[in-house]
Amino acid sequence: MAEVVFVDSAEHAGELVADAIAELVAAKPDAVLGLATGSTPLSTYRALAARHLPLGSVRGFALDEYVGLPPGHPQSYRAVITREAVVPLGLAPSFVRVPGDDGGPLEGAGERYERDIVEAGGVDLQLLGIGSTGHIGFNEPGSSFASLTRVKTLAARTRADNARFFDSPDDVPVHCLTQGLGTILRARHLVLLAFGESKAAAIAAAVEGPVTSSVPGSAIQLHAHVSVIVDEAAGSQLANADYYRAAWASRLPWERL
Ligand code: GLP
């Protein structure tokens, strides 16, 4: 079962995740982080940046990327990861990868990305947000739990959700490259964050609903080490909330995320 932690704010969540990353990097300076985009991981990046940790040997692999944006487009996930994570955290730009950024053809980009993750030793800690369709990465409902990095077509709802970042809804790309659910499940520790009422149904379905490809986030139930960190609003539809609170409040001294 996932460990579910209630926090009072995104900032508090960011501090908890920064603690986990700081501990990981202290033990393994060349740790591999799975990086996420969207608004959800921003408090984690801010908390980490404030700690000025030595992260120059850390490697990073982003979850996903749009297909078809002009190089350098400010909403490309390459640009977002550079702006929000690489620069403030002091990561080495050449150690941080985004799907499709190796200069090779789109065809085969997923397989090459998978090979590069494996060659780096696999992801130690994967940050995840969740979309309103229940997607993680850009794995829309119906994605196979065995899927690896590949090109996907975005759901209409996801394009509408992400239209706020573009001048016009029509400018949101139709395709993306995303790590698969199978890729995500290979990471050693999954940290799923969610804030706000709009995530409540997706979080309840992912954490407590049936394990089904109709809710890609429910794949986390197949992983042995998952931390789900939610604010009160995002956790408001969790049936077992009292149990999660009690378990976290009575955690043993050595227990971490
Ligand atoms: C996008 C990303 C996901 C992210 C989701 C939620 O679709 N591909 O990785 O989890 O948005 O975004 P936000 O964190 O802004 O709510």
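We now turn to the structure provided with this report. Residue numbers here run from 1 along each chain, matching the order of that chain's written sequence. Per-residue local features are limited, in this predicted model, to residues with pLDDT of at least 70; the limit for side-chain atom pairs, both in listing and counting, is 80 or more; totals at the level of whole chains, interfaces and linings are taken over all residues. Each side-chain value is derived from all of the structure's non-hydrogen atoms; neither hydrogens nor water enter the calculation.

**What to know about the packing of helix H1 (residues 10–27) against helix H2 (residues 42–51)**
Here is the rule we go by: Inter-axis angles, ranging from 0 to 180 degrees, are taken between N-to-C directions of lines fitted to C-alpha atoms, where helices are fitted over the stretch in contact. Helical segments are the DSSP runs of H or I of at least four residues, strand segments are the runs of E of at least two, and each set is numbered from the N terminus. An angle counts as roughly parallel when it lies under 35 degrees, as roughly antiparallel when it exceeds 145, as roughly perpendicular when it falls between 65 and 115, and as oblique in every other case. Should the near helix be turned anticlockwise from the far one by less than a right angle, the crossing is termed left-handed; should it be turned clockwise, right-handed. Residues count as neighbours in contact if any of their non-hydrogen atoms are within 4.5 Å of one another. Under the scheme applied, nonpolar residues are Ala, Val, Leu, Ile, Met, Phe, Trp, Tyr, Cys and Pro; charged residues are Asp, Glu, Lys and Arg; polar residues are all the others, including Gly.
Where H1 meets H2, the axes come as close as 7 Å, and the angle between the chain directions of the two elements is 55°. Considering the angle they form, H1 stands oblique to H2. Read as a crossing pair, H1 and H2 show a hand that is right-handed. Within the contact between the two elements, H1 uses Ala 10, Glu 11, Gly 14, Glu 15, Val 17, Ala 18, Asp 19, Ile 21 and Ala 22 and H2 uses Ser 43, Thr 44, Arg 46, Ala 47, Leu 48 and Arg 51. Considered class by class, the residues forming the contact of H1 with H2 number seven nonpolar, three polar and five charged.

**Some remarks on the side chain of Arg 112**
Heads up, the rule is: Polar contact is defined as a pair of N or O atoms within 3.5 Å, subject to the rule that within protein one atom must be able to donate a hydrogen and the other to accept it, and that residues adjacent in sequence are counted only when both atoms are side-chain atoms.
Along the chain, the position of Arg 112 falls in helix H4 (residues 109–119). Polar side-chain contacts of Arg 112 include one of 2.7 Å to the backbone oxygen of Pro 105. Separated by 3.3 Å, the side chain of Arg 112 and the backbone oxygen of Glu 107 make a polar contact. If we ignore the near neighbours within four places in the chain, the residues touching Arg 112 are Asp 102, Gly 104, Pro 105 and Glu 107.

**Overview of the site of the ligand**
Note the cut-off: We define proximity as follows: a residue is near a molecule or strand when any one of its heavy atoms falls within 4 Å of that partner. Only the protein chains shown count as cover for residues, with accessible areas throughout obtained via the Shrake-Rupley method and a probe of 1.4 Å.
Taken together, 13 residues are adjacent to the ligand, and Ser 39, Thr 40, Asp 64, His 135 and Lys 199 come closest. A distance of 2.8 Å separates an oxygen atom of the ligand from a polar backbone atom of Ser 39. The separation between an oxygen atom of the ligand and a polar side-chain atom of His 135 is 2.9 Å. Alone, the ligand offers 390 Å² of accessible surface; in the complex the protein occludes 94% of this.

**Observations concerning the sheet that holds strand S10 (residues 226–231)**
Quick note on the threshold: Any two strands with at least two DSSP bridges between them are considered paired.
Taken in spatial order, the seven strands make up an open sheet running S1-S10-S9-S6-S2-S3-S5, and their pairing is parallel. Each edge of the open sheet carries a strand with a single partner, namely strand S1 (3–7) and strand S5 (96–97).

**Remarks on the sheet that holds strand S8 (residues 175–178)**
Strand order in the open sheet made by the three strands is S4-S8-S7, with antiparallel pairing throughout. Strands at the two margins of the open sheet, each flanked by one partner only, are strand S4 (64–67) and strand S7 (150–153). The mean inter-strand angle of the sheet, taken between neighbouring strand axes irrespective of direction, is 30°. Of the pairings in the sheet, the one linking S4 to S8 comprises four bridges and is antiparallel in character. Looking at S8, one finds that Tyr 66 is bridged to Cys 176.

**A look at the pattern of salt bridges**
Under the convention used in this document: Salt bridge criterion: a side-chain nitrogen from Lys or Arg within 4 Å of a carboxyl oxygen from Asp or Glu. For every residue, the accessible area (1.4 Å probe, protein chains only) is compared with the maximum for its type, and the residue is labelled buried under 20%, exposed over 50%, or partly exposed between those bounds.
Taken as a whole and judged by the stated rule, the model has 14 salt bridges. Here Asp 101 makes a salt bridge to Arg 78, at a shortest N to O gap of 2.6 Å. In this pair, Asp 101 sits in the loop between S5 and H4 while Arg 78 sits in helix H3 (residues 77–89), placing the two residues 23 residues apart along the sequence. In this structure Asp 101 comes out as partly exposed when scored by relative accessible area, which is 27%. Asp 124 is the partner of Arg 188 in a salt bridge, and the nearest nitrogen-oxygen pair spans 2.8 Å. Taken together, the positions of Arg 188 in the loop between helix H6 (181–186) and strand S9 (189–194) and Asp 124 in the loop between H4 and strand S6 (125–128) put the pair 64 residues apart, joining distant regions of the chain. The buried category is assigned to Asp 124, whose relative accessible area is 8%. Because the salt bridges share partners, they merge into one network encompassing Arg 78, Arg 97, Asp 101, Arg 115 and Asp 116.

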